[in-house]
Amino acid sequence: TAAVFEDDGRTIRINGVKKWITNAAYADYIVLACRTDMSLPAAVGTTLIIVDMSLPGISVRKIGLGERAAIAGTSYIEFEDVRVPADNIIGGRANLNLGFRQLMHNLNHERLYLSTLCNRLSRVCVEESFKYAVKRKTFGKRLADHDVIKAKLARMATRVEQTQAWMESIVYQLTTMSRAEANENLGDIICGLKAEVGNVYEYCAGETTHIFGGNSLDSRSVGRRIQPLADNTKAYVIPAGATLIMEQQMTKLAMKRHAKL
Ligand SMILES: Cc1cc2nc3c(=O)[nH]c(=O)nc-3n(C[C@H](O)[C@H](O)[C@H](O)COP(=O)(O)OP(=O)(O)OC[C@H]3O[C@@H](n4cnc5c(N)ncnc54)[C@H](O)[C@@H]3O)c2cc1C
């Protein structure tokens, strides 16, 4: 999405598209990251602008996601000659082209928030699997009496507990460090956490699907609670940086920090 100043110097004209924007279908205002200087790399040529979604030239279309993910109003937005007051630049004109840095300040919290969601959904998978396994009988035994199912439940629970403990230690550090110290020291570890919590969620969703068998696919059966959880893993794992990118970023940030030592 590109933004250029009009001749009056007080208005910015925006053109372009944004895809996968959570809540866009319901938003009255959005914070838009725009390229304001195409001659510079995005990291130093991007500006954050508040945009009133009722302005002429804006169209919003919901993206067809699964039932639960669709509630988030994730949308595709098109901007065609949308005129916005230059006063809407976040932090004023002094922050022209500094939007990427502003975005980076928010990413630790956004990634941590998504990590807590994935961890919670993984826990629901364990809970539902356990309840189902002590009820459903196959070959004269409860599922939970088969050793392979016992092992599945133990592995899922172990990974959920491990990642929750890691997450709690990061939250403790984030709330006790100064903002500057946290930005300097926690970015890499939060990327690693997001990647691992996402891996655990995908693992638990897969194992839960096995434990529920055919019922895992039927949203009107006992599987109704886990069917959307298993179907929508990617809607929680991809936003704010997909797993591969998080792993790559973790090492990159750690190398940067190491170079300063
Ligand atoms: C449900 C949902 C909600 C979202 N909400 C928002 C939102 O509110 N606001 C917003 O701005 N964005 C939002 N996003 C966008 C999200 O941040 C991007 O989808 C995500 O960063 C991945 O980018 P992409 O879709 O362009 O995939 P791509 O960048 O095309 O990546 C595709 C695949 O290639 C891999 N890949 C990409 N680059 C590299 C590389 N350099 N090296 C190795 N592998 C690579 C990725 O890991 C991924 O597996 C949302 C996405 C989803 C799915």
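Residues numbered from 1 in each chain as written. Predicted model: local features only at pLDDT ≥ 70, side-chain atom pairs only at ≥ 80, totals over all residues. Heavy atoms only, no water.

Per an unreviewed UniProt entry, the protein is named Medium-chain specific acyl-CoA dehydrogenase, mitochondrial, and its organism is Hondaea fermentalgiana. UniProt, in the comment section headed Sequence similarities (unreviewed entry), describes the protein in these words: "Belongs to the acyl-CoA dehydrogenase family." (UniProt positions renumbered as here; feature names shortened; annotations may be inferred.)

A. Representation of the domain arrangement of the protein in the model. When the domains of the protein are assigned, the result is domain 1 (2-95) and domain 2 (104-260). Using only C-alpha atoms to locate each centre, domain 1 and domain 2 end up separated by 31 Å. (Domains from an automatic or database assignment.)

B. Structural view of the environment of Gly 45. Relative to the helices and strands, Gly 45 resides in the loop between β3 (29-35) and β4 (46-52). Exposure remark for Gly 45: the relative accessible area of 0% places this residue in the buried category. Counting along the chain gives 21 residues from Gly 45 to Ala 24, while the straight-line C-alpha distance between them is 24 Å. Among all residues touching Gly 45, those that are not within four sequence positions of it are Cys 34, Arg 35, Thr 36, Asp 37, Leu 40 and Asn 97. (Helix = DSSP H or I, 4+ residues; strand = E, 2+ residues; numbered from the N terminus. Buried < 20%, exposed > 50% of the residue type's maximum accessible area, 1.4 Å probe, protein only. Contact = heavy atoms within 4.5 Å.)

C. Structural detail: the site of the ligand. Taken together, Trp 20, Ile 21, Thr 22, Ala 235, Ile 238, Pro 239, Ala 240, Gly 241, Ala 242, Leu 244, Ile 245 and Gln 248 make up all the residues around the ligand. Here a nitrogen atom of the ligand and a side-chain polar atom of Thr 22 are 2.7 Å apart. Contact distances for the ligand include 3.1 Å between a nitrogen atom and a side-chain N or O atom of Gln 248. About the coverage of the ligand: the protein hides 49% of its 960 Å² of free accessible area. Elements represented by at least two residues in the shell around the ligand include exactly β2 (11-21) and α8 (243-260). For the shell around the ligand, the leading source of residues is α8, giving three residues. Tallied by class, the residues present in the shell around the ligand amount to nine nonpolar, three polar and no charged. Counting the residues that make up the shell around the ligand, at least three belong to each of domain 1 (2-95) and domain 2 (104-260). (Near = heavy atom within 4 Å. Polar contact = N/O pair within 3.5 Å; in protein donor to acceptor, adjacent residues only side chain to side chain. Areas by Shrake-Rupley, 256 points an atom, 1.4 Å probe, with all protein chains shown as cover. Nonpolar A, V, L, I, M, F, W, Y, C, P; charged D, E, K, R; others polar.)

D. The arrangement of the UniProt feature "domain: Acyl-CoA dehydrogenase/oxidase C-terminal" (unreviewed entry) in the protein in detail. As recorded in UniProt, the sites labelled "domain: Acyl-CoA dehydrogenase/oxidase C-terminal" (unreviewed entry) are residues 99-251. Taken end to end, residues 99-251 comprises 77% helix and 3% strand; its first and last C-alpha atoms sit 24 Å apart.

E. Here's a closer look at the packing of helix α3 (residues 147-176) against helix α5 (residues 187-212). Remark: α3 packs on α5, axes separated minimally by 10 Å, with the N-to-C direction vectors making an angle of 160°. Taken together, the axis directions place α3 and α5 in an arrangement best described as roughly antiparallel. Viewed along their axes, α3 and α5 form a crossing whose handedness is left-handed. A per-class count over the contact of α3 with α5 returns 15 nonpolar, five polar and five charged. (Axes fitted to C-alpha atoms, helices over the stretch in contact; angles between N-to-C directions. Parallel < 35°, antiparallel > 145°, perpendicular 65-115°, else oblique. Left-handed = near helix turned anticlockwise from the far one by under 90°.)

F. Geometry of α3. For α3, spanning 30 residues, the distance from its first C-alpha to its last is 44 Å, which sits close to the expected 44 Å at 1.5 Å a residue. Along α3, the residues that are buried comprise Ile 149, Lys 152, Leu 153, Met 156, Val 160, Thr 163, Met 167, Ile 170 and Leu 174. Its buried side turned inward, α3 meets α2 (99-133), α4 (179-185) and α5. (Expected span 1.5 Å × (residues − 1).)

G. The pairing of strand β6 (residues 75-85), seen in detail. In this sheet, β6 lies alongside β2 in antiparallel orientation, the contact comprising eight bridges. Opposite Lys 18, over in β6, you have Ile 77 as the bridge partner. For strand β5 (residues 58-62) and β6, the ladder comprises five bridges, and the chain directions are antiparallel. Opposite Ser 59, over in β6, you have Glu 78 as the bridge partner. (Pairing = 2+ DSSP bridges.)

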